[in-house]
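# Breakdown of the fold
One-letter residues, chain by chain:
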Amino acid sequence: MRTHAQAVVIGGGLIGCSILYHLAKLGWSDIVLLERDELTSGSTWHAAANIHGLHDSTNISRLQHYTMALYKELEVETGQGCGIFQPGSLYLAQTEAREHQLRLQEAKARRYGMNFYGIDRTDAERLHPLVDFDGIRCIMFEPEGGNVDPSGVTMAYAAGARQRGAEIHRFTPVTGTEQQADGAWIVRTPKGDIRTDWVVNAAGLWGREVAAMAGLQLPLMPTEHQYFVTETIPEIAALDRRLPSVADRDGEYYLRQEGLGLLVGAYERNMKLWAESGTPLGFGHELFPDDLERIEDNMMRAIERVPAVGTAGVKRVINGPMIWSPDSAVLFGPVPELRNYFCCNGIIPGFSQSGGMGKLAAEWMIEGEPSLDMFGWDMARFGHWAGKDFTKARVQDQYSHRFKIHFPNEERSAGRPVRTRPAYAKQKEIGALFGLNFGWEHPLWFANEDEPKEETAGFTRQNWWHPVGREARMLRANAGIIDISNFAKYEVEGTGAADWLNGLFANRMPTETGRSCLTPLIGKRGGVAGDFTVTKMGTEHFMIFGSGMAERFHQRFFKAVPLPPTVDFTSRTEAMCGFNVAGPKSRELLLRLTNEDLSTPSFPFMRSRRMMVAGVEVIALRVSFTGDLGWELYCPSDKQLVLYEALLEAGRDLGAGPVGSRALMSLRIEKGYGSWGREYSPEYWPHESGLDRLIKMDKGDFLNRDAYAAIAATPSRDRLAMVAIRADDADATGGEPIFLPDGTPVGQVSSGAYGYCVEMSLALCYLRAGTTKPGDKVIVAILGRPHEAVILERPPFDPDGQRLRA
């Protein structure tokens, strides 16, 4: 066994072997995989191993298609069979909402050249004569859908890795992972120690235990999961072909052919957790006792749809463990608090995603950044607040609602609240409905006495649409008070602070106290890793404001620029709260609470100062994400409630009041403002998103300057644009594909909302460079159906920025 390695992968299941293979494929050969038992032990060996390409997330769809194509390449490359069956998959919609979902996926498939399309009942009955299609509104067919052999795929990855020089050691449990002073790791085993640059935790069911060796707690929880296989069904035995699988998600089961029978699996409401306090170290290829009664309701729905299931005997039952994250997506990426410790844990649709995960993991470790923006997978989306109780509640919800549609803007209540701020009770008292943002409860909108007290969810406009419009119009006409406490807040102070910030960010840092700037953070591939506001508070003293949900994500970049010993960098996100007071009467409102001169000559746009508001010392910035006149006010958290009540009272007779984040979304889109994670992403270059004007190449070196320089002169692939859409009952929310009138795909929506104050359904979007211009008509596939739209030359609200600077 090697004593030194570039990377040690812990875990010999499907994902560990895929990561090992892709590391080798990308050029590393000094790599080792350690498995405590046999390869495929744990969850891999007993998986149903279904494969499908389409997902609500476009990037996950891309990765799933890559994975499905890779299996055939692996067979040729290694000679190891993967047991690939691709008779296709039928997707059924019993409800209007499911039809919307499937039609949107069909439109995305046309946008990205994927094979997924609608068929009629006659064609569906020909493909699968055992299915009763009564009550089905819509049928989609994916010709490449099917299943693979779990052991075959895993062994093929292992064989491919070995061919490229990787080592695999079975029956070699890891007993410790210890980081050294120089950043390297010592991985300890009974067979000897390995010194390695990277540790990869792909330990599956034992992901928590392996993480604990490095002092890390992962929000993971195992469950039991069952499927059964029937005896031979005569109708299947008589066929000379394999039947397509059936995805009847409204029925909450999955079904496919297995041998000459059928395999039926379910995610039951009466779910069962397992090994809550830790996975037994001796567990390997064991199964749990059969418990088909628990999935009886799901089985009956499957029998109703495919009557042959009810007449066939049960050949075998598989009841085995799976391990879940709180949102059922993988915990993926380098741990921000540790150097070179990579996680890939909590994978559910592993056989559809294994290749994509392995590819992105290898890119991240070797090249410094994955080729796709996968923040929805990034382990940094959870923080210390995602403890055992939260994880348990969320996993119970995710498992039991596995096939429930996760609608745009939907907020689920399981495990909440986790973190609240001092104004929470007051906000709840005045009608706030809350969402979750990096563990914090934050107001989405406020219900008046005659408005709904609970919100509905769906693809069309919901019951909160009118209250949100009321808030947006109130702010534009008078003023609004928006809780922006969920913004990330950092303080940087000490000799060398300005130099450190200039070495981190792409813009030139302010040199005069009270001045502020907007600045991008550049990623390893030259894209936009973040966007921030930086204001100078005093000599070598700055405050930084950015995305709250990305705070842990951005730690990786902050740590990439060594912090001088004379400089203190401190997160103030928990210690400080904030409000945005915005609208044409915002100055009048604030003047009731402060003696400061807030006139534009005294307090211009993009300036800041410390001042007293209602007896509370605040950091005030003359900025507003609403695109209107406004100030952001940041105060100590223990003063939040005092400040909030004073602002509400001062604004009452001005027609001002509380405004939630849903209205803020509408207001910023009216103004054409981009947002990190939507318009601003590592996938998009600064000159594609319009942020290149904020990059100062003449100021000296900054983080990933060379990466930006390498692409700065490259013509844009896409351009950020804005469209107005003819829409009556639904608005774009993000991800909807865009086509030319002749059907040629040209782009996709990044953000969308109804602009209540300009009376337009609007979307920010990326359009392929050179294909369109302002005034051109395009088609936006809202609900998967064509909606006419026109490309706007300028934002419809205050395009010259006069209100901001009033």
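How each quantity is defined
- Residues numbered from 1 in each chain as written.
- Predicted model: local features only at pLDDT ≥ 70, side-chain atom pairs only at ≥ 80, totals over all residues.
- Heavy atoms only, no water.
- Axes fitted to C-alpha atoms, helices over the stretch in contact; angles between N-to-C directions.
- Helix = DSSP H or I, 4+ residues; strand = E, 2+ residues; numbered from the N terminus.
- Parallel < 35°, antiparallel > 145°, perpendicular 65-115°, else oblique.
- Contact = heavy atoms within 4.5 Å.
- Nonpolar A, V, L, I, M, F, W, Y, C, P; charged D, E, K, R; others polar.
- Phe/Tyr/Trp six-rings, centres within 6.5 Å; stacked < 30°, edge-to-face > 60°.
- Buried < 20%, exposed > 50% of the residue type's maximum accessible area, 1.4 Å probe, protein only.
- Expected span 1.5 Å × (residues − 1).
- Pairing = 2+ DSSP bridges.
- Right-handed = clockwise from strand over helix to strand, strands pointing away.
- Core = buried A, V, L, I, M, F, W, Y, C linked by side-chain atoms within 4.5 Å.

At a minimum axis separation of 7 Å, helix H2 (residues 58–78) and helix H10 (residues 350–367) run at an interaxial angle of 100 degrees. It follows from the interaxial angle that H2 and H10 lie roughly perpendicular. On H10, the residues that touch Ile60, Leu63, Gln64, Tyr66, Thr67, Leu70 and Tyr71 of H2 are Gly350, Phe351, Ser352, Gln353, Ser354, Gly355, Gly356, Lys359 and Leu360. Of the residues assigned to the contact of H2 with H10, the class counts are seven nonpolar, eight polar and one charged.

For the coordinates displayed, the defined rule picks out 41 aromatic pairs. Ring plane angle 65 degrees and centroid distance 5.2 Å describe the contact between Tyr91 and Phe116, whose orientation is recorded as edge-to-face. Taken together, the residues Tyr91 in strand S4 (residues 89–93) and Phe116 in the loop between helix H3 (96–112) and strand S5 (117–118) connect sequence positions 25 residues apart. We classify Tyr91 as buried; its relative accessible area is 3%. Owing to a relative accessible area of 2%, Phe116 belongs among the buried residues under this scheme.

Moving on to helix H1 (residues 14–25). Over its 12 residues, H1 runs 16 Å from end to end, which matches the ideal 16 Å to within 8%, given 1.5 Å per residue. Along H1, 11 of the 12 residues are buried, which leaves the element largely enclosed by surrounding structure. Looking one or two residues past H1, Gly27 carries a phi angle of roughly 125 degrees, positive in sign.

So, about the pairing of strand S2 (residues 31–34). Burial of S2 is two-sided: the residues Ile31 and Leu33 facing one way and the residues Val32 and Leu34 facing the other way are all buried. Sheet topology note: the strand S1 (residues 4–10)/S2 ladder contains four bridges and is parallel. If you follow Val8 over to S2, its bridge partner there is Val32. With H1 bridging S1 and the parallel S2, this β-α-β connection has right-handed handedness. With three bridges connecting them, S2 and strand S8 (residues 167–169) associate as parallel partners.

On to the environment of Arg610, then. For Arg610, the position within the fold is in strand S28 (residues 608–613). Taking relative accessible area as the criterion, Arg610 reaches 42% and is therefore assigned partly exposed. C-alpha separation for the pair Arg610 and Ser689, spaced 79 residues apart in sequence, amounts to 33 Å. With sequence-adjacent residues up to four places away left out, Arg610 is seen in contact with Met537, His541, Glu596, Glu617, Val618 and Ile619.

This brings us to the sheet that holds strand S34 (residues 745–755). Strand order in the closed barrel made by the six strands is S32-S35-S34-S33-S36-S37, with antiparallel pairing throughout. Here the strands of the sheet are splayed against their neighbours by 45 degrees on average, with no regard to which way each runs. Of the strands in this sheet, strand S33 (737–739), S34, strand S35 (760–768), strand S36 (777–782) and strand S37 (785–792) touch H3, which is tilted by about 55 degrees from S33.

What follows is about the nonpolar core. Ranked by internal contacts, the top residues of the largest apolar core, which has 49 residues, are Ile19, Leu23, Tyr157, Phe332, Met365 and Trp377. Of all the elements, H1 adds the most residues to this core, at eight residues. Not counting the four nearest positions on each side in its chain, Ile19 is found in contact with Val9, Val200, Ala202, Cys344, Gly358, Ala361 and Met365. With 34 residues, the next largest nonpolar core counts Ala5, Leu34, Tyr341 and Trp385 among its residues.

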